[in-house]
Every structure is written in C-alpha cells, then in structure tokens.
Amino acid sequence: MEELRRAYSRLCKESGAEPQERVLQQLQELSRGRLDLATQSLTVDSCRALGKLLQKGSLLTELILSDCMLSEEGAALLLQGLCVNTVVRFLDLKGNNLRATGTEALGKLLRQNRSIQSLTLEWNSLGTWEEAFATFCGALAANSALRQLDLRNNQISHKGAEELALALKSNASLQQLDLRWNHIGLLGGRALVNCLPSNRTLWRLELAGNSIPGDVLRAVEQAMDHNQDRQTAFRENQARTHVLSKEVQHLREEKSKQFLDLMETIDRQREEMARSSRASAVRVGQLQEALDERHSVIKALKAKLQMAEAALALSEQKARDLGELLAAAEQERRSQAQRQAKEHRLEQQEAAERESKLFRDLSAANEKNLLLRNQVDELERKAKTQQEQLFLARQELSNTAAELKLRAVQAEERLELEKKRSRQSLEDSEHLRFTEVEHMTRHLEESERAMQERVQRLEAARLSLEEELSRAKAAALSERSQAEEELVKAKNQVRLEEQRLAHLEEKLRLLAQARDEAQSACLQQKQTVADAQARASQLGLQVEGLQRRLEELQQELSNKDQEKVAEVTRVRVELQEQKGRLKAELTAQEALKEKVAALERQLKVIASDHREALLDRESENASLREKLRLKEAEIARIRDEEAQRASFLQNAVLAYVQGSPLRTLSPQK
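Quantities reported herein were computed from a predicted structural model and do not represent experimental measurements.

Draft legend 1. Broad picture of the overall build of the protein chain. Looking only at helices and strands, one finds 13 helices and 7 strands in the protein chain. Relative to a compact globule of 669 residues, whose C-alpha radius of gyration would be 26 Å, the protein chain shows 51 Å and is clearly more extended. Reported as C-alpha extents along the three principal axes, the dimensions of the protein chain are approximately 185 × 95 × 40 Å. Within the protein chain, the fraction of its 669 residues that count as buried is 32%. In the protein chain, of all internal contacts separated by at least 6 residues, the share reaching a separation of at least 24 is 85%. Counting every atom, the protein chain has about 42400 Å² of accessible surface; 52% of that belongs to carbon and sulfur. Between the mean site of the 106 positive side-chain charges and the mean site of the 109 negative ones, the protein chain shows a separation of 3 Å.

Draft legend 2. Structural context of the packing of aromatic side chains. For the structure on display, the rule yields 1 aromatic pair. Between the aromatic rings of Phe133 and Phe136, the centroid separation amounts to 5.8 Å while the plane-to-plane angle is 25°, which identifies the pairing as stacked. A residue pair is termed a helical-turn pair when its members lie 3 or 4 positions apart in one helix, as Phe133 and Phe136 do in helix α6 (residues 130-142) at 3 residues. The two residues Phe133 and Phe136 agree in class, both being buried.

Draft legend 3. Here's a closer look at the packing of helix α8 (residues 185-195) against helix α9 (residues 214-302). Direction vectors running N to C along α8 and α9 enclose 25°, while the axes themselves pass 10 Å from each other. One finds that α8 runs roughly parallel with respect to α9. Handedness of the α8/α9 crossing: left-handed. Only Val216, Ala219 and Val220 of α9 make contact with α8, whose side of the interface consists of Leu186, Gly189, Arg190 and Val193. Taken together, the residues that form the contact of α8 with α9 break down as 5 nonpolar, 1 polar and 1 charged.

Draft legend 4. Summary view of the packing of helix α1 (residues 2-14) against helix α2 (residues 21-28). Here α1 crosses α2 at 155°, and the two axes come no closer than 8 Å. Accordingly, the angle class assigned to the pair α1 and α2 is roughly antiparallel. In terms of crossing hand, the pair formed by α1 and α2 is right-handed. Of α2, the residues touching α1 (which contributes Glu2, Leu4, Arg5, Tyr8 and Ser9) are Val23, Leu24, Leu27 and Gln28.

Draft legend 5. Region of the structure containing the environment of Leu70. Of note, Leu70 is situated in the loop between β2 (62-64) and α4 (72-82). Given a relative accessible area of 7%, Leu70 falls into the buried group. Taking C-alpha positions, Leu70 is 9.5 Å from Gly102, a pair spaced 32 residues apart along the chain. Beyond its immediate sequence surroundings of up to four residues, Leu70 is in contact with Leu42, Cys47, Ala75, Leu78, Leu93 and Asn96.

Draft legend 6. Structural view of unusual backbone geometry. Its identity is not glycine, yet Thr39 carries a phi of approximately 65°, on the positive side. Despite not being glycine, Trp123 shows a phi value in the positive range, around 55°. Examined against the element boundaries, Trp123 turns out to sit in the loop between β4 (118-120) and α6.

Reading the values: rules and limits
- Residues numbered from 1 in each chain as written.
- Predicted model: local features only at pLDDT ≥ 70, side-chain atom pairs only at ≥ 80, totals over all residues.
- Heavy atoms only, no water.
- Helix = DSSP H or I, 4+ residues; strand = E, 2+ residues; numbered from the N terminus.
- Rg over C-alpha atoms; globule rule 2.2 N^0.38 Å.
- Buried < 20%, exposed > 50% of the residue type's maximum accessible area, 1.4 Å probe, protein only.
- Contact = heavy atoms within 4.5 Å.
- Areas by Shrake-Rupley, 256 points an atom, 1.4 Å probe, with all protein chains shown as cover.
- Lys, Arg positive; Asp, Glu negative; His and termini not counted.
- Charge placed at Lys NZ, Arg CZ, Asp CG, Glu CD.
- Phe/Tyr/Trp six-rings, centres within 6.5 Å; stacked < 30°, edge-to-face > 60°.
- Axes fitted to C-alpha atoms, helices over the stretch in contact; angles between N-to-C directions.
- Parallel < 35°, antiparallel > 145°, perpendicular 65-115°, else oblique.
- Left-handed = near helix turned anticlockwise from the far one by under 90°.
- Nonpolar A, V, L, I, M, F, W, Y, C, P; charged D, E, K, R; others polar.

Printed below as a string of structure tokens:
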C-alpha cells in the first residue's frame, strides 16, 4: 500500500502538481484491492497520475469513482490507463456526466481491456451523443470479458437501444444488463426483443421506466427465463463433465498402475529366465567336463579292446533295449504335448465365451439403469403437475370467495337504496294521500320484515359458505401436506435407488476388475505352460544328444572290456535320473492344470453372483413399477375429489346467486 502511495506522489511531482490528500489517504487505507474515491473531486493532474499508476498497478481489483464529477480530459486519462490494466475486475463511474469524449474512451476501454467484469455507468449522458454511443456499442459487441453492465439513467433513445441490440447479437459474455429509466420506448423494446434469440448468455435484462408495453416486457422476461434455464443446464453439464473427467483420470491412473505391475512381472520373469539360462550354461559346462572325462576313459579303454569281445554281444543287446525305452519315452512325451495343446485351446474358447456373456450382462444392466432413471424423471414431472393443479384450485377458491363478498356488499347497498326510495315515496304520499297512510305503512312494514328475513337468510347462507370454504381450505392444506410428504418419500426412494445403482455399478466394476485379474492370471498360466513346453523341448534336445552319445558308445563298445559294462550301467543310472526329472516336470504341469481348473471355478462363482445381482435388480424394478402404479391411482383419485369439490362450490355459488334479492326486486324496479 505504501508503494502505491509513493508511486502516486512521484507521478504527481513529475507532472508538476501536488498530490491530493484524500487520494493519498485512500491509497494508504487500501483494503483487499479496493480503491474507493467516491464523491471526491479529482483534478486532471490526479487523473493523469492515477491513469499511469493503473497501467502498472497489480494490487487494485476494484475501482470506485462514483459522483467524482470527472472532466472529459480526466476521464479519458483514467480510462487510457485502464486499457492496459489486467487486474481490475470492478469499475464504478456512476454520476460523472460522461459525454461524447468519455463515451468514446469507454468504447476504447472495452475493446482493449480483458479483465473488467462489472461496469457501472449509472447517471451519465451516454445516449445523448448517438455516434459516440454507437462506438461504445460496437466495442461492447467485441468485448469477451464483461459480465455485468449498468446503464441506468443515461438518456438512451430507441436508436441507442437498436445499437445495443446489434451489440448483444455479437456479444457472448454479458450476463446482466440494467437499462432502467431511459427513453427506449416501443421501437427500442422491440429491437431488444428481436436480438434476444441470438444471445444465449444474457439472463437478466431490466427495462422498467422506459415506456415499453407489457407484452414486450413479457417477451423479454420469457427470453431471460429461457437463457437462465440454459445457463443452469450448461453449468450442470460442466459439473457432470468435470466429474466424468475425474473418473476417466482415475481409470487412467488405475490402468497405468496395472501396466506398471505387468511390466514388473515381465521383468521378474525375464530375470528368472536369465537365471535359468545361466544354470543351463553351468550344466552344459558340467556335461562338457563329463564328456572330456569319458573321452579319457575311452582312450584308456582302447588298450583293453581285446578283453571286451566276450561282453560285446551282451552290451549290444542292452543298447537295443535302451533304444526301445528311449523311443517309448519320446512317444509318450509327444502324446502328452498334443493333449496339453488341445486342452489349452479348449480353455481359450471357454474363456472367450465367458467374457462375451459377461459383456452382454453388463449392457443389459446399463439399459435397465437408463429405464429406471427415465421413470424417476416421469415421477418428478407428475408431482410438479399435481402441485400446479393444487395451486390453481386454491386460486379458484380465493376468487369465488372474493366474488361472494362483492355480491353480498352489492346486495346490501341495493337494500339501502330501496329503503331510501321507499321512505321518500312515503313522505311524498303523506301530502297527497293522507287517507292511504295506514295501508301503505302496513305494506312497507311487511316488505321490510320480508327483506330482513331475506337478509338473515343470505347471511346464514354466507356463513355456511364461509364455513364450507374454510373446510375446503383445510382439506386442501391437508391434501397438500400429504402430497408433499408423498413427494418427499418418492424423492427419498429415488435417492435410495440411486445409491443402490451406485452400489451395483461398484459391484460391476469390482467384477470387471476380478475378471481382468483372472485374465491376467490365465495369461500368466499360459506363459508358465509355454515355459514348461520350452523346457520339455530342451529336454527332448538333451534326450537326442544322449541318443547320439549312445550311438557313439555303440560304435566304441566293440573295443571295450568289462570296465565298459560299468560305464554303461552308470549311463543307465543317469537316464533314469533324467526320467525322474521328466516325471517331476509332468507332475508340475498337472499342478498347473489344477490351478487353471480352480481359476475356472472362481470364474463360475463370479458369474453366478452376477446373475443373482441381476435377479435382485429385476425384483427391485418390479417393486418400483408397482409403486408407480399405486402413485398414479392416488393422483387420479385426488383429481376426482378436486373435480367434485369444484362442482360442489359451483353449485353453491349458483344457488347463492339465484336466491339473492336482486332477482326478486328487478321486476318491481
């Protein structure tokens, strides 16, 4: 705040003028960015300094300059400073008698400034100069930041209103416009009404005190109501899109987390494969060492070839037996691989069928949810129509009561007139027919008694009608309270249904997550099966290597002795160990198959739970349809009762009118 005060003093001294104390005080007491200089007489030098200060000021958001009696030059300097300001949101120039130059400066401000949202120009003379006001309206059409504009008491004629209408057709930001107490008239009002269909943002337009007909004002009110409804719908849509964007972002985050988890599992599997490859490399080295040892043994055995002729036939027979065993093992391995491939294809087909079925169930559930929401909207519309009918019935009751009171007053006035006329005729007849006084007095007394009796009967009828009206009002109030309670109950039921829908959607989301997890588990199982197949192929390659080794041994057995027999037995032991490892891997594959079967059972359980949830939902839909039917029957009953009451009231009013004294006195008159 002190910085703004020093800057203002420096700018005033640079222009050769003294700073105003009131302005310095307001700059010192600046609170929340609001500078209030209302009713202060500002000189041209102060306006120049303030304009330069506003070009750089970043703390002022509200500027109050009402009733400052600014000169044309001072107003232009202030507005010139505001043209480049990007902080001020509220500007008040009320009661400054701005003229042509000020109006043009305002137009320049609206064209260049993009921060002012509220502009108050009450009690000026903008509409007196038509060309300047046309410039102002053109700038208003190009402005995209202003939300509220106050043009009260600005002597705006119908031509100015036409310029404003052209501006409103192009403006897409103004929401409130106050044109009260101007000279717009019929032509200007029609121009404004014609421009309103093109404007979708203006929802408040004040036109009181402009000599505009009532039908034009009603058309303006209808257009404003339409724009206000559109704005509310737009805000609701924005809120919904914001919520949906949040949900989409949440889903994206979840997908990214799942992707990261998948990448981590892939990295772990790669590490496991690297470890297995290293282990296989170590094993290959060990086998190579064993081969080297065997080569050395074979070289030692070559010296003893002559001693191995007796055992040659026996070793050849044993080698043939081993070959047959290897062929049988290879055949079994191939048959097992084929069976596993067939089972894997069948599992893939069943998983695809289950997934398609789940998608169909989800689409059916979504359609049912949409139908339920439509039914809730219809219930709300019916409740609104019932409230409107209750309001019309009350209005008709009040109108009939007022008419009955008016007719009773008119009947009493006519009775008084008849009494006065009868008294005057008696006074006249006393002078003319003194002999007939007694007869006329008796006749008048009888007529007065009859009239009094009629008045008493009318008062009794009026009291009975008032009692009936009070009873009808009490009944209407009780019915209204009942209808409001039923509406509250219906809304509570709708909220409960929405909560249940949200709960079901959450269940569906959890089911989808479980399905995705099951699919990922299936993929992992498939990967493990593929790894097992790769290991089986590696084992097959190892078996082939062993066969080649056996062939080499068969070629060299002809030159071996008894030590070769021991070597063959050792090879047989190794083959048995290989068979044991193969059997262990087969048991591991069977365990994997059992895991796959368990996953399939879990999928079946999830599908059964989903079907049960759908059945519960269908039962709830049936109960809601029954409630809707009962509600419609109740509404029809209330309408019939209201129609009966209205007919009773109409018959009572007709009976009261037919029994009134006007009907009996009209022939005498």
